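Chain residues, written in single-letter form:
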Amino acid sequence: MIYYFSATGNTRYVANLLAKELGDEAVSITDSSVDTTAVSEQKSKTESKADYYPILCFPVHGWRVPSIVEKFLKAHNLNTIEGSIYVVLTCGDDCGKTIDYLRKTASETGLSIAGAFSVQMPESYVGLPFMDVDRGDVEQLKIEKARKTTIPHIASVIRSKARGVYEVHEGACAYLKSKVFGGFFHHVLITDRTFSVNRMACVGCGMCEKVCQVENIQMGSDKKPIWKHTSRCMTCMACYHICPRHAISFNGMTKKKGQYFLSDKP
């Protein structure tokens with residue numbers, strides 16, 4: 001079974017590609033986490049399809065693990081299923097020490113990591129002055145490389161049941177990025193209180209509400225989005241990227257930034 005979390009579509013795309021390569025099934029953790037028994041049930045349904053360890057796919061957020069992934073691991077305790085997992089990270093450039101943070105969370109449930117991989121996908125975080133989406137040609141090159149080369153390779157390693165494989169691009173200054181910048185990102189920038197909507201541009205389509213993986217947006221009586229301030233927001237930027245009128249902004253940083261959302265299935 002392949003469990004994934006995806007915001008702007010990159011990780012969903014990768015998880016579905018892996019599922020096709022391995023003859024397995026990909027399920028979103030935002031779906032399975034509704035029922036605490038869903039993980040075990042999904043595993044029992046697919047035991048005949050694959051006999052390797054479960055696979056966990058998620059995007060790197062601020063060179064660390066998204067909070068929703070940590071909560072998923074603690075709530076479902078995959079250790080009761082297999083004891084080990086393969087991990088596939090998606091990132092715009094590099095991953096820093098994300099796996100180190102994941103190991104800490106996994107160890108709390110007695111879970112080990114059989115192998116870890118990273119897949120470079122189009123950039124989607126636009127919440128800082130120096131960050132923007134990739135050019136269109138770069139987006140396509142990243143997607144094509146993932147589809148034709150990276151994912152088939154990862155599938156072959158997993159299919160062989162190899163353990164101890166570590167193919168994660170940490171990048172330069174990995175510790176600094178995860179420890180310092182990552183700390184700032186997770187303690188300061190992860191908030192829904194700096195999102196706003198241009199009420200004149202917004203057409204009330206509700207796409208932002210539908211795409212929010214943590215149900216943190218609702219449409220008001222005037223059919224404009226309202227962020228609930230529930231502390232569940234991960235600033236994944238899905239609401240910003242999906243808006244057809246570019247009406248959503250974050251912290252005043254996104255006015256002239258691009259948008260990216262991968263809805264295509266492999």
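So, here is what we can say about the structure in this document.

Comments concerning the sheet that holds strand β1 (residues 2–4)
A sheet is described by the order of its strands in space; here six strands give the open sequence β2-β1-β3-β4-β5-β6, paired in parallel fashion. Both edges of this open sheet fall to β2 (26–28) and β6 (165–167), since each of them pairs with a single strand only. Averaged over all adjacent pairs, the angle separating strand axes in this sheet is 25°, with direction ignored. Sheet analysis places strand β3 (residues 55–59) next to strand β4 (residues 84–91), joined by five bridges and oriented parallel. Bridging across to β4, Ile55 finds its partner in Tyr86. Packed onto the sheet, helix α1 (residues 10–22) meets β1, β2, β3, β4 and β5 (112–120) and runs at close to 155° relative to β3.

A closer look at unusual backbone geometry
In this structure, His229 is a non-glycine residue whose phi angle is positive, near 55°. Looking at where His229 falls in the secondary structure, it is placed in the loop between β9 (225–227) and α9 (238–242). Here the phi dihedral of Thr235 falls at roughly 45°; this positive angle occurs in a residue that is not glycine.

Brief notes about the packing of α1 against helix α6 (residues 136–159)
Close contact between α1 and α6 brings their axes to 9 Å; oriented N to C, the two are set at 50°. If you check the angle between α1 and α6, you find them oblique. Crossing of α1 against α6: the hand is right-handed. In this structure, α1 uses Tyr13, Val14, Leu17, Leu18, Glu21 and Leu22 to contact α6, whose residues at the interface are Ile143, Arg147, Ile151, Pro152, Ile154, Ala155, Ile158 and Arg159. For the contact of α1 with α6, a count of residues per class yields eleven nonpolar, no polar and three charged.

Concerning the nonpolar core
In this structure, Leu18, Ile55, Val87, Val88 and Ile248 are the most contacted members of the largest nonpolar core, which totals 84 residues. Excluding residues that lie within four positions of it along the chain, Ile55 makes contacts with Met1, Ile2, Tyr3, Leu18, Leu22, Tyr86, Val88 and Ile158.

A short note on the pairing of β5
In terms of burial, β5 is largely enclosed, as seven of its nine residues are buried. Strand direction decides the pairing type here: β4 and β5, joined by eight bridges, are parallel. Bridging across to β5, Val88 finds its partner in Phe117. Handedness of the β-α-β unit built from β4, helix α5 (residues 98–107) and β5 comes out right-handed.

Digging into the environment of Val65
For Val65, the location among the structural elements is in the loop between β3 and α4 (67–76). Exposure remark for Val65: the relative accessible area of 3% places this residue in the buried category. For the pair Val65 and Ser178, spaced 113 residues apart in the sequence, the C-alpha separation amounts to 9.8 Å. Not counting residues up to four positions away in its chain, the partners in contact with Val65 are Phe58, Glu70, Thr98, Tyr101, Leu102 and His186.

Here we look at the pairing of β3
With five of five residues buried, β3 lies mostly within the body of the structure. Neither face of β3 is exposed, since Ile55, Cys57 and Pro59 on one face and Leu56 and Phe58 on the opposite face are all buried. Here three bridges tie β1 to β3, and the two strands are oriented parallel to one another. Paired with Ile2 across the strands is Ile55, a residue of β3.

Here's the deal with a nonpolar patch on the surface
Side chains of Leu176, Val180 and Phe181 sit close together on the surface and give an oily, nonpolar patch of about 260 Å² of accessible area. Inspection of the secondary structure assignment puts Phe181 in helix α7 (residues 174–189). By relative accessible area, Phe181 is classed as partly exposed at 42%.

Rules used throughout
Residues numbered from 1 in each chain as written. Predicted model: local features only at pLDDT ≥ 70, side-chain atom pairs only at ≥ 80, totals over all residues. Heavy atoms only, no water. Pairing = 2+ DSSP bridges. Helix = DSSP H or I, 4+ residues; strand = E, 2+ residues; numbered from the N terminus. Axes fitted to C-alpha atoms, helices over the stretch in contact; angles between N-to-C directions. Contact = heavy atoms within 4.5 Å. Parallel < 35°, antiparallel > 145°, perpendicular 65-115°, else oblique. Left-handed = near helix turned anticlockwise from the far one by under 90°. Nonpolar A, V, L, I, M, F, W, Y, C, P; charged D, E, K, R; others polar. Core = buried A, V, L, I, M, F, W, Y, C linked by side-chain atoms within 4.5 Å. Buried < 20%, exposed > 50% of the residue type's maximum accessible area, 1.4 Å probe, protein only. Right-handed = clockwise from strand over helix to strand, strands pointing away. Patch = residues over 30% accessible without salt bridge, like charges linked within 9 Å, V, L, I, M, F, W, Y side chains within 5 Å. Areas by Shrake-Rupley, 256 points an atom, 1.4 Å probe, with all protein chains shown as cover. Salt bridge = Lys/Arg side-chain N within 4 Å of Asp/Glu carboxyl O.

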